[in-house]
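Here is how the chains run, residue by residue.
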Amino acid sequence: MIVSLAMQSLGVGIGVFVGILIGLGMRKRKGNVEGLLAGSVVLTALAAGALAMAVMMALKYVSG
């Protein structure tokens, strides 16, 4: 059950991770590191992607 929900929600998690990675990477190059987890773009993008995937899994579980 959990694996099925994870596989169905993986695209959302990857999409958010890549989008945040690009956006925050450009922002950090300009010198703005405010709001990053431990000053890391990758860590912040990973956390956002994981959160988006968890929310999508919950939505699929409730609606399914």
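Everything discussed here concerns the structure shown above.
All residue numbers here refer to positions counted from 1 along the written sequence of the relevant chain. Given that this is a predicted model, residues contribute local features only at a pLDDT of at least 70 and side-chain atom pairs are listed and counted only at 80 or more, while totals for whole chains, interfaces and linings are drawn from all residues. As a rule here, side-chain values cover all heavy atoms of the structure and leave hydrogens and water aside.

**Q** An account of the overall build of the protein chain is requested, with residue identities and associated values reported.
**A** Every helix listed is a DSSP run of H or I at least four residues long, and every strand listed is a run of E at least two residues long, numbered separately from the N terminus. Scanning the protein chain from terminus to terminus reveals 2 helices and 0 strands. Radius of gyration here uses only the C-alpha atoms, and the compact-globule reference equals 2.2 Å multiplied by the residue count raised to the power 0.38. Scaling as 2.2 N^0.38, a compact globule of 64 residues should have a C-alpha radius of gyration of about 11 Å, whereas the protein chain reaches 14 Å, well beyond that. Expressed as a percentage of its 64 residues, the buried residues of the protein chain come to 22%. As displayed, the protein chain has an accessible area near 4,400 Å², and 73% of this comes from carbon and sulfur atoms. Only protein chains enter the accessibility calculation, which uses a 1.4 Å probe; a residue is then buried when its area is under 20% of its type maximum, exposed when over 50%, and partly exposed in between. All accessible-area figures derive from a Shrake-Rupley calculation using a 1.4 Å probe, and residue coverage is judged against the displayed protein chains alone.

**Q** Describe in detail unusual backbone geometry, supporting the description with residues and values.
**A** As a rule of thumb, non-glycine residues mostly have phi less than zero, and peptide bonds are mostly trans rather than cis. For A38, which is not glycine, the phi torsion reads 55° and is therefore positive. Relative to the assigned elements, A38 resides in the loop between α1 (2-29) and α2 (41-63). Note on A38: relative accessible area 74%, which makes it exposed.

**Q** Explain α1 residue by residue, including any values.
**A** Each helix should span, by expectation, one fewer than its residue count multiplied by 1.5 Å. Look at α1: 38 Å from first C-alpha to last across 28 residues, which is about the 40 Å you get at 1.5 Å a residue. The sharpest bend along α1 measures roughly 45° and falls at S9. Note on α1: the residue one or two positions beyond its end, G31, has a positive phi of about 100°. Bend, at a single residue, is the angle you get between axes fitted to the 7 residues ending at that residue and the 7 residues starting at it.

**Q** An account of a nonpolar patch on the surface is requested, with residue identities and associated values reported.
**A** Patch members must show over 30% relative accessible area and no salt bridge, and they are joined within 9 Å when carrying like charges or within 5 Å when they are nonpolar side chains of Val, Leu, Ile, Met, Phe, Trp or Tyr. Whenever Lys or Arg places a side-chain nitrogen within 4 Å of a carboxyl oxygen from Asp or Glu, that contact is recorded as a salt bridge. Together, V3, M7, L10, I14, V18, I22 and M26 make up a nonpolar patch on the protein surface, roughly 670 Å² of accessible area in all. Classification of V18 as partly exposed rests on a relative accessible area of 38%.

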